[in-house]
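# Coordinate inspection notes
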Amino acid sequence: MMSSDRKVGVADMTTMSELDEIGINENLNIRYCSDIIYTYTGSILIAVNPYKTINIYNKQYISEYHKCKLGYLSPHVFALAEAAYTSIVDDHLNQACVISGESGAGKTETTKFILQFLCSITSDISSWVQQQILEANTILEAFGNAKTIKNDNSSRFGKFMQVCFDDHNCIKGCIIQDYLLEQSRITYQSEGEQNYHIMYQLVAQGQKNIDIAKTFYLKPPEYYKYLNIKSTEQINMQLESMKFDAVTMAFTVLQIPQFVIDGVFKVLSSILWLGNIDFMDIDGEGCDFSNSDKEAISNISNLLGMKRCDLQKVLLIRQLNVRGNITEIPLKIKEAVENRHAMAKALYSKTFTWLVTKINSCTNPGQGGAKFLGVLDIFGFENFTHNSFEQLCINYTNEKLHKFFNHYVFALEQSIYVQEEIFFNHVKFTDNSQCLELIEKAPRCVFKLLTEQCHMPKGSDSAYLNNMHSEFEFHPNYIKGSDRRHWETDFGIKHYAGSVIYSVNGFVKKNRDVQQDVLFDYMSFSEDVFIKDLSKFQDPQFISSSYHRGSSKSKCTVSDTFRNQLQSLIDVLQNTKPWYVRCIKPNLSKRPNSYNHSLVLDQLKYLGVVDIIRIRREGFPIHLCHEDFVIKYKCLLKNRSLENLHKYITDILETIDLPKTEWQIGKTKIFLRGVVYELLEDNRKTKNYNSAVIIQKYWKRFYCFKSFLRIKLAVLKIQYAYKGWKLRIRFMRMRRSAIVIQSRLRGVFAREVATALREMRLVDEEMKKRDKRNEQLTNVQSNALADCERLVQVEIGVLSQISENIGDIPNPFTDANDLINNACEASILQDSVDLDNIFAFLGESTERALGNPLIEEINDEMNNLVKDLDDEELWKYMHADHNAERELQIIQYIIGLGIEREELRDEIFVQCIRQSRDNPNDDWADKIWLLMCLSIVAFQPSKLLFRYFVSFIKNSMKNLDGKLRQYSQWCFDNCKGTKVSTRIYPPSSVEVAAMRRLGTIVCRFFFLDARTKAIDVHPTDTAGDAVQKLAEKLNLATTDGWAIYQSRPDGEEHIKSFDYLYDIISAWELKQTSGSGTKRLANGSQSGENRFVFKKRLFKSTHELSQDPVEISMLYSQAVYSVVKKDEFPVSEKVALQLAGLQAQVALGDPSTQPKPEYYSDISSFLPSRISKTREQQFWIPILAQAHRQYGSSRNELTAKVLYLSCVMQYPLYGTTMFRVNYKGFWNFVSNIILAIHCDGIMFVHPEDKSVIYQLKYEDIESIILDPSDTFITISVNRSTKQLHKNSREKNSIIESQKCFVFETSQKNDIGSLIISYYPSLSNWILNIVECSKKIKGTTNEDRIRLYQNVVVCRRQLVDMNIVKKPQEMGGFLRNTLRRLSKHRLEKLRSEQGSKVLDHGETYKGFSHSFWAFSKQQISFCLSTIFDEDESIMVQVFDSILTFSGLGTSGEAIKRAEDEHVRIVQSIMEKCMKKESLLNELYLQLIKQTTDHPDANSRVNLKNWALLSVLCSVILPSMKSIRKYLIAHLKRCSSDFLSEEGKYARFADQCFFRTQGTRRRQWTPSSEEILCTTNRRPCYSKFYFMDGQYYSIEFHPSSTASDVLEIIKKKIGLQNNAKGYSIYEVIGNSERSLLPEEKVCDVMAKWEKYQAASQQGTQYQLNPKTEARKHHYIFLFKKHLFFDNYINLDDTVEKELLYHQILHSLRSERYPITEMEAIMLTALQSQLELGDCNEILNDYRAVASHCLPPRFVPNIPHEAVAMHHQSLRGMLPIEAKKAFLNLIQSWPLHRATIFDVMQSFTSNWPRMLWLAIDQKGIHLLEHRSRNILCTHGYDSIISFSPNLNSLMIITGTEKKQSKVILSTSQAFQITTLIREYSEIVKDVK
């Protein structure tokens, strides 16, 4: 609370017991001497200027007064500002702080403190706007304040700053209104006064900075006449220069361009030079320039960008415009001087007005700033020795404000008391109405008389004074002059603050404000852009007032303009709630701790402080209407009636126990004093608080009780579900047990019956034999035979009775669907009766279902409605007379459809059967049968059609003859094929031709010894079958490890054993057709370079020779091919000659004594090219002959082959399959290596010398990932921590410590399959980034019912909540089912639909099942309740959904290209992501389209599911009920593990839960994301590293940057605890680190939008160079934060990453290096790349370009580099890299992130700087230098705020702050980095 101690005085003077001026003055003196400068007078604050710094304005005081009521703490200007701000927040009223007082009383400082407080309490929101407001005040103070006799920083203009607030009560902007700038001060200053501050600041900066002095032609301050500097006065140049930097900083904060700032200073400098022009009289009729004026004229013309002649004309000649005729009159010397002054005033005045307008445009709040708090800082009352027109306007302003204050405090208050008829003591106050009437009241007043003189052609000051003397001589407030001697020059006015004598000299001229139109006309042609714009600038307040040049009557004078402005200000103040600060000046000498009682007493008198205290103490400042009072405080009474309002109010007031003198009740209002109001407020708040606590108590009880019930219900549901699950498990076990018992029992019975029947057969056979033997004895034994037959019949009857009893055993577990299925299957399988059919009665019930008219009707409708595409194509194929090529295309099209779409296969067979049956045309029948023969080997009919198809083929074999019978025989032979997989490609032309002749293709297979074998290949033969046939033909003992390869022009590829060879031939033909026309295969062996090659693939043991001579021969030729042709083994020349001798022995036999040279002329067939090219051919021939004699002589062929193989087997690479790969990691070896797959493991082989770099055993491999999105294979190694620690100290530590190896190769699939073949245990760990197969609990019928019931419950909830719209009349079942269905399918569908309706009641409140289910027709209304304007949009969206799924609005199937599909998806999501209601409707539509589709696996349904998956991966519905419905729908559909629909549902379910809880997407998905998601694959993108390499990383659409970061770290082998890394988004030359929660797919979508926009923008540009300027968009992985704890150089991967990042920083000139350091770095890099320096290189530029900036490379001294390179001989690469890094670490800021920035806030530093950010803080350095200009630790950074192209950092302490303004396009990136470093530093501390 406020202090009232005697030692410090009274804080609120309304509480003083003695009310007189002496007591008030003494109270202020006591407080002033105690450095307490603020005192309350009620709500009015009195501030006494201390003339010294008092530490009461820091952040601690701001936080204390924030949210504290006025009067609770000691008086302070912050308390007043807080009260005004609180009134804005609570009452939503505009506020105004009126600051008044004499000049020098501290009004400007008080204004700055109020702005500081307002900006501080809302600094968390818009600090940039707040700083602009504060810095705007800095600019206005420099340009509008000056030193006067009474004040060193006197405001020479008035300003009203409206600080605007938005709906969140945060500062939105500021609008400044300026009033009456004192123009005369520019050209003349009184004794002891100065010009405006900015003039001295500019000149002082010119003295300090030579560049600025040259730019603005600046001289010392004594040189300028306008600056009024005498030899006795000294200007503190250092201080003024610092203030100039502050002004420049303010310009930068306001984002005013540098050229504009320079233009402003040019205008100021030209004004100073204008004052130095001295004119020379010429005959008294004109004037000219003196000799000393030439420099000034030249400088002014250069500064203003004008022609010199134009400037001279303006200065020497006056132009008169008389009715459009311009007359030029030379100026006399006195007129020229006055014209010069007018030019200077006009330039400064227009510049100042332009500045105010520019500031308002920068700080304009726009539409959001409705509420404002105005701060009025206007000139105080002035009374100088010489008072002129400006002092009259200033004192008139103070009179006006004093009148407003009196009206608000006294007159208005007491008039209300009189109206309300309450008792009060009338307070007399000073009424200045007469003085105001004298100055402003029309028609005759001071200002009106002055305006009349201005409108007269020869108006003068003397005439004006005479008019006033005669008009106001007897006015009580008018004074003719100080004495009779000055009546002709002076007049006076008795103001409320005292009498002031004004000198009339210059009144008329100043009021006219002569415009320099001619000057500004010439300036409009200036070369300077700012000067040209300034000349055309007009004050927005006076743009509407237009007048002709030279016309004066139509012009508004200065006094009129000022009077209108002031009246507008009063109008604004009257519409606000005012708060007053009365500033008091303690002494005239501006000294601290000096209190002049008489001076302060005079101010207290004319400020009316005594009267204020009296009215505040005796009055009632709080007024409330009766109704408002009752509404507000009725809570203080209990159970009182409102019948008597006066009595009710009295009862409320009596509850506070205060005397009735403290409150009164008027007619309509209640009047309260502050103590009563405060007590009432406290009681009301206490009552409300207690009531709120009671409400909260009951609400919390209710909420907890409801939560308990909800939890209890949930627990019960869980218990029910668990118990149900337990019972279901028990029931299933019992059912399985029962089934096992039944099966065992039936087996026993069946075996007994079978035994009996076999006995019966034996008996029957014996009887027949006995009949044959005893034919002659028939008559004799007839009775015995009859007895036997009777006994047999009796036994058969008994067995029949047993079987009937078994058949009658009921099966309780058979449902209706099983009965129907069994009935259908029984009818299908009933072809003929054999032994198996005897046991048909042992099955379940075979009762055929009764005929159903609904099924028959549906069948009829389907037959009428459906006409498949194949009908039309078959008809064209059969009837049309096409050439062979067209027939081939039709055949391939039809069979291709069957291969691609499983649902069309049966349709093709059925159509072929229909067209071939009873076909009258033999040619047509031949074509159909040919198509059927080709189809049966491409794909098989389904199980349902198979029996019918076989039956048809059998009948055809019986009924047809000739070629058609052969066709049917072919179909019968091939329809029993056991191959599960179908063909991949349609038949080739060779296959069709072979089929026409009912033959097969003869394929030729090549061997590595140039031999070939031709075998017959059947259409169903796979590569494995061909291997078996070849082995039989070659007499190969075993086929283990042998395989067939296809050799193509682009390389060799292994053919998998299950691949069809006919597919390979078709693929060859397709490639040739697409590449080189329609060239056909002549035979099956090859076409061009395509061929089949037979060779060994798997070498199970590389050190054991086969016992089969045939296999030895083939292995020998493969070894020769590997050694000679492919050079796969590192054989030396000696070994190569040994092998060549053995090879010659095999090929040529024993050598003769005189060998012929031509035998050995083909050197390339004996030696690898690596060795043969070392000598000429003629030298090799005798050497080969000698090798033949030495190594091959006297050995037979088999022995030579065995020796050859034995020799080759010694190499570790024997038996390996080699693949050239590119290593995508960091190590010391080459990146292009050979990956050798061996029976024992994987070897990394050097490509040059074939040396083994490293070997991995299969047991050490953890997993292998084949990247489907790119050509990458990732091998993860299982290493323990101990192994890593041990290996880190070994020589090969880089490889030994790595846990992951990534290789780039197009043969990744071959590598993976080969590894599985060698090591099958890895088959479970070879991942293809696809959904892994896992054990899933089987879904029972009860589960399906439960899941469906959940869907129904969710639907009903949507209906009950009125979320969905009542449906219109919709079509029936037939309208939504346009697919031909088999009888079995229809019965199943009918049973499902029937059970649903029966069990769950589909129709609910008018919503039938058709409302929720799939529809092929366009809907005419939306499903949910949305606005009408949105409904048409969503109807179009549903049409787009139909189009995307392949259906038109008419229901016809259509086809769309992939890019069209992507465009449709993007357009749908772009429309719906903007509004939540549209998004919810879209989800309902997609759920509808994926519900109960007639064919779950059809392309239409899967397209809808793909679209739903995309939506679930991007954004989720906002409504909880729709989200619940979506989950139930996905759970129900995902329970199907067999269909494609179930797979999509599970994928969408996964997408849903990954998206849930993540950041909302900002952009519609990219085309890449859509394609990946629709194919149920993760998205992927390339992530680049600092060495230029990249990885293709796969991630989910909802993955954030942090998620992808972990994937990358794992893929490159970086340790899991590695910190400080980030993913950067690189666009062109700019880069930005992604936020951890930012989604990577969202960034990719943004890129696609940018690229589309740039392409669209450059479509119409004719310049072809625009293509080269296109931005590239990539992701970059690099170190982001360089903390000591975040760097681990023991990790080889991190060390390699940092090394390459340092190299990139060096190349980008982010390290300041000297020439010597450049030489050393180049030498170290040469040692690292080239090794030891054996020869002196003449050119190191190639190496230098890897580690130096481009500007260093051309001038690198090669001799010096070579010398240093020589000194590094013997240094290992690891040591060289370590020395390289140590050299970089010699710079203290080597771990800092460097940014190029520009500054303009100080001239002490260069414009271009480096900003370095590291763990210690931020550092500003000279560009490309190590010279640190300043450093700020994170503790000293108060705040930082980015803008589009600039960054503001505020540093320092609470007492002293400094701003750093930097221009950079990476402002947001810098602030992110500073914030992250600051947070880490804070956490560490």
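You'll find the structure just up there.
The structure reproduced in this document is the subject of the present report. (Residues numbered from 1 in each chain as written. Predicted model: local features only at pLDDT ≥ 70, side-chain atom pairs only at ≥ 80, totals over all residues. Heavy atoms only, no water.)

## Focus on the environment of leucine 1139
Along the chain, leucine 1139 falls in helix α41 (residues 1133-1148). When near neighbours in sequence (up to four residues on either side) are disregarded, leucine 1139 contacts Val1123, Val1131, Tyr1204, Cys1207 and Val1208. (Helix = DSSP H or I, 4+ residues; strand = E, 2+ residues; numbered from the N terminus. Contact = heavy atoms within 4.5 Å.)

## Quick look at helix α40 (residues 1109-1125)
Over its 17 residues, α40 extends 23 Å from the first C-alpha to the last, a length consistent with the 24 Å expected when each residue adds 1.5 Å. Counting buried positions along α40 yields 12 of 17 residues, so the element is predominantly enclosed. Those residues of α40 that sit buried are Glu1111, Ile1112, Met1114, Leu1115, Tyr1116, Ser1117, Gln1118, Ala1119, Val1120, Ser1122, Val1123 and Val1124. Along its buried surface, α40 packs onto α38 (1023-1034), β22 (1042-1048), β24 (1091-1096), α41, α42 (1169-1172) and α44 (1197-1208). At the N-terminal boundary of α40, the capping side chain belongs to aspartate 1108, with an oxygen 3.2 Å from the backbone nitrogen of valine 1110. (Expected span 1.5 Å × (residues − 1). Buried < 20%, exposed > 50% of the residue type's maximum accessible area, 1.4 Å probe, protein only. Polar contact = N/O pair within 3.5 Å; in protein donor to acceptor, adjacent residues only side chain to side chain.)

## Comments concerning a positive patch on the surface
On the surface, Lys706, Arg710, Lys717, Lys1520 and Lys1524 cluster together into a positively charged patch. Ranked by the residues each element gives to the positive patch, the list is headed by helix α26 (residues 674-773), at 3 residues. Tracing the chain through its elements places lysine 1520 in helix α55 (residues 1520-1534). (Patch = residues over 30% accessible without salt bridge, like charges linked within 9 Å, V, L, I, M, F, W, Y side chains within 5 Å. Areas by Shrake-Rupley, 256 points an atom, 1.4 Å probe, with all protein chains shown as cover. Salt bridge = Lys/Arg side-chain N within 4 Å of Asp/Glu carboxyl O. Lys, Arg positive; Asp, Glu negative; His and termini not counted. Charge placed at Lys NZ, Arg CZ, Asp CG, Glu CD.)

## Things to note about a nonpolar patch on the surface
Together, Trp699, Phe702 and Tyr703 line one region of the surface with nonpolar side chains, adding up to about 360 Å² of accessible area. Relative accessible area serves as the criterion here: at 46%, tyrosine 703 is assigned to the partly exposed category.

## Digging into the pairing of strand β27 (residues 1241-1245)
Counting buried positions over the 5 residues of β27 gives 5, a clear majority of the element. In the sheet, strand β26 (residues 1232-1237) pairs with β27 via 4 bridges, with the strands oriented antiparallel. Following the sheet pairing, leucine 1235 is matched in β27 by phenylalanine 1244. In the sheet, β27 pairs with strand β28 (residues 1252-1257) via 5 bridges, with the strands oriented antiparallel. Pairing of methionine 1243 across the sheet is with glutamine 1255, part of β28. Hairpin connection from β27 to β28: 6 residues lie between these consecutive antiparallel strands, with lysine 1250 at a positive phi of about 60°. (Pairing = 2+ DSSP bridges.)

Honestly, it's all geometry; don't read function into it.
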